[in-house]
Amino acid sequence: MSNVFEGKTVILGVTGGIACYKAAYLTSELVRSGADVHVIMTESACQFVQPLTFQTLSRNYVFTDTFDERDPQVVSHIDLADRADLVILAPATANIIGKLSSGIADDMLSTTLLATTAPVFIAPAMNGHMYEHPAVKRNLQTLESWGYHIIEPAEGMLACGYVGKGRLEEPHLILESVKRILSSGIKGNRDMKGIKVLVTAGATREKVDPVRFFTNRSTGKMGYAFAEAARDRGAEVILVSGKTSLEAPEGVELISVESAQEMYDAVMSRFDEMDVVVKAAAVADYRPAQVYGHKLKKGDGPLTIEMARTKDILKTLGERKKHQFLIGFAAESENVEENARRKIESKNADMIVANHILQDGAGFEGDTNIVTLFDRNGKICDLPMLSKRAVADRIWDEALSKGLGEGRL
């Protein structure tokens, strides 16, 4: 991906949260990438980090006051708004998000934001309960509907002591997201327009009785990232999802299922009309041979549950495919390459995405992944640790380079 920041004027808006210190690193990295960075700080932000820090890193004056007009030839907030090629808000507090969604302009940052027509990227950071508040959710949805780009916060330990979603995304991942979106916008990247995509995501549940079921640790994040990336590139997307806490992506047809059999039926009934299928779901390999109609009571001794094999969705697709491009996953804890090569042959897939689930930054539940791509000719490439959305885009790039969207469709 080309350096989209080279020669660009970037406004970095910094608002009052403990994550301000990460904005200093963000400033440094933008400057290193060739950007002309102009930082605007709110009064609250100055309580956490001094403007001199950002002035030193950006080599530009830091604006904190709407009425501090340093150049009599221009109105500062209008001049900055007009010159900006892009704006990044990081960290973005609930306060600035509320102001922006309501059209309030009462300080240097909010007046500049209302005046700019440049792309705006918002990276929220706040307490998890604040982030989940209906007002904050509504405000973010409003901004997104207006064309603002939201870079979701990460999950983890927050400064307040809570564990949850609300941490400012790591600076390198913020820049990665901005690069991806800007690259797509600059190129008019709709390279999957007219392609019909089906993605499976999440875990299946196999019932034991009305209370218990067997499942796994998949959250659906990788599959949802695939669906969103394909949608943003112009594809018509169907997402067949097991149980997950993720919100349904806008502009994607969501089909919710529970068991492996339900996922099999949903995929097979739509397969013929698809151009590509991504099997990112973690489907149960086995199910209880008997499902009890009432709660299974505990006894004094051990319990044995007989398990029956579920249908192999990817293998069936490989046997039935005509023009379709099949992408499967190999989540392994050992012999990753060997198992991936075996799988691409046994399943008749076109591409296998393999990862070592015990490796830090890869596998289930997290927001990042580390994968190796294989096609019928062998290994394509190793990808470093990236956000799951960035992984999805890189895989779509590779799939398109292998013929997806050209002669085979």
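Computed from a predicted model, the values in this text were never measured in an experiment.

Further remarks concern unusual backbone geometry. Between Ala90 and Pro91 the backbone carries a cis peptide bond, its omega angle lying at 0°. Its identity is not glycine, yet Arg59 carries a phi of approximately 65°, on the positive side. Here Arg59 lies in the loop between helix H2 (51–58) and helix H3 (76–83). Judged by relative accessible area, Arg59 falls into the exposed class, the value being 68%. One non-glycine residue, Asn335, lies in positive phi territory at about 50°. Among the structural elements, Asn335 can be located in the loop between strand E16 (325–332) and helix H12 (336–346).

Taken together, Glu236, Glu253, Asp272 and Glu273 make up a surface patch of like negative charges. In this structure, Asp272 sits in the loop between helix H10 (260–268) and strand E13 (276–279). Residue Asp272 is classed as exposed on the basis of its relative accessible area, which comes to 61%.

A separate point is the packing of aromatic side chains. Each aromatic ring pair is described using two quantities: the centre-to-centre distance and the angle formed by the ring planes. Within this structure, the stated rule accounts for 3 aromatic pairs. Taken together, a centroid distance of 5.1 Å and an interplanar angle of 90° make the contact between Tyr61 and Phe63 edge-to-face. When its relative accessible area of 26% is taken as the criterion, Tyr61 is described as partly exposed. With a relative accessible area of 11%, Phe63 lands in the buried category.

Let us look at helix H7 (residues 134–145). The first and last C-alpha atoms of H7 sit 16 Å apart over 12 residues, in line with the 16 Å expected at 1.5 Å per residue. When we look at burial in H7, the residues that qualify are Val136, Lys137, Asn139, Leu140 and Leu143. Looking straight down H7, one finds its buried side chains confined to an arc of 165°; they lie on one side. Exposed residues on H7 whose side chains face more than 90 degrees from its buried face are Pro134 and Ser145. Those residues of H7 that are buried lie in contact with helix H4 (94–102), strand E4 (120–124), helix H6 (128–132) and strand E5 (149–150). Positive phi shows up at Gly147, right after H7, with a value of about 105°.

Quick look at the confidence of the model for the protein chain now. On average, residues of the protein chain score 90 in pLDDT, and 94% of them reach the 70 mark or higher. Summarising per-element confidence for the protein chain, the mean pLDDT is lowest in strand E6 (residues 154–157) (73) and highest in H10 (98).

What counts, and at which threshold
Residues numbered from 1 in each chain as written. Predicted model: local features only at pLDDT ≥ 70, side-chain atom pairs only at ≥ 80, totals over all residues. Heavy atoms only, no water. Helix = DSSP H or I, 4+ residues; strand = E, 2+ residues; numbered from the N terminus. Buried < 20%, exposed > 50% of the residue type's maximum accessible area, 1.4 Å probe, protein only. Patch = residues over 30% accessible without salt bridge, like charges linked within 9 Å, V, L, I, M, F, W, Y side chains within 5 Å. Areas by Shrake-Rupley, 256 points an atom, 1.4 Å probe, with all protein chains shown as cover. Salt bridge = Lys/Arg side-chain N within 4 Å of Asp/Glu carboxyl O. Lys, Arg positive; Asp, Glu negative; His and termini not counted. Charge placed at Lys NZ, Arg CZ, Asp CG, Glu CD. Phe/Tyr/Trp six-rings, centres within 6.5 Å; stacked < 30°, edge-to-face > 60°. Expected span 1.5 Å × (residues − 1). Arc of directions from axis to C-beta. Contact = heavy atoms within 4.5 Å. pLDDT = per-residue confidence, 0-100.

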